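If you want the building blocks of each chain, they are given just below.
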Amino acid sequence: MKKILSILVVCAIILSMTACGDKQTPNISESQSISETTEQSASNIESEPDKIAENIETYIYQDSDDFKIENMKIEEVKHICGTQDDVEKYTKLISDLKLADITRIYATTGPSFFKTGKVTITPEEAENIIKTIKKFEISTLSNEEYEEIITGGGWSIYIETKDSAYKFFWNGESRIFITSDKDNVSVGLKNKNNTCVELHKILFDLMDKYLETADN
């Protein structure tokens, strides 16, 4: 009897070990492969560059009298001197502006006593304009700075995105006006660095480049 019991115990142990051996163990190399693929896909999404679309409308006009845009979303109602809240609002707006969301860019630069006209620029050139705007360092103006009468050359840049529109205007010195289609109020602010002058040169150079090509 003891012999039979011993045999049964041994059989039970063997069957138990066999059952455990039949269970599927996780495939470590397959799990690692899935994990690596997921991480790589996430990395590709994060590293995808913010680029301007190839088919956006991009024009520069020489002479602000020609600056007429069909279906423009901004209609300026009044001009005001910006507050610290406006500084924070537009600093964030400029920082959050995504190249891929932009659908139209129009700019004017002038005056010019030699040439007038309208030119189409490349997406890369339009991208350079936006990246320069992103370098703005804005602050509030004093009442004297806001009221100061400035004459001379300047520029105006109109940007449309999928759901908003903005206009930036500069006519010399450090004062700029920014308008959003959300309120149609032109807010006067100060730009503390040299990017307004830099933009003026960029726009002038682009006009010269394309108008000279057209003349030839």
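Preceding block: the structure.
Residues numbered from 1 in each chain as written. Predicted model: local features only at pLDDT ≥ 70, side-chain atom pairs only at ≥ 80, totals over all residues. Heavy atoms only, no water.

**Let's talk about unusual backbone geometry**
- Phi is positive for glutamate 173, close to 60 degrees, though the residue is something other than glycine.
- Within the secondary structure, glutamate 173 is located in the loop between strand S7 (165-170) and strand S8 (175-180).
- Residue glutamate 173 is classed as exposed on the basis of its relative accessible area of 57%.
- For asparagine 184, which is not glycine, the phi torsion reads 55 degrees and is therefore positive.
- Locating asparagine 184 in the fold gives a position in the loop between S8 and strand S9 (185-191).
- On the basis of relative accessible area, asparagine 184 is assigned to the buried category, the value being 17%. (Helix = DSSP H or I, 4+ residues; strand = E, 2+ residues; numbered from the N terminus. Buried < 20%, exposed > 50% of the residue type's maximum accessible area, 1.4 Å probe, protein only.)

**What about the environment of aspartate 86?**
- With respect to the helices and strands, the residue aspartate 86 is situated in helix H3 (residues 84-96).
- Taking the C-alpha atoms as reference, aspartate 86 lies 9.6 Å from isoleucine 178; in sequence the two are 92 residues apart.
- If near-sequence neighbours (up to four positions away) are discounted, aspartate 86 is found in contact with Val187 and Leu189. (Contact = heavy atoms within 4.5 Å.)

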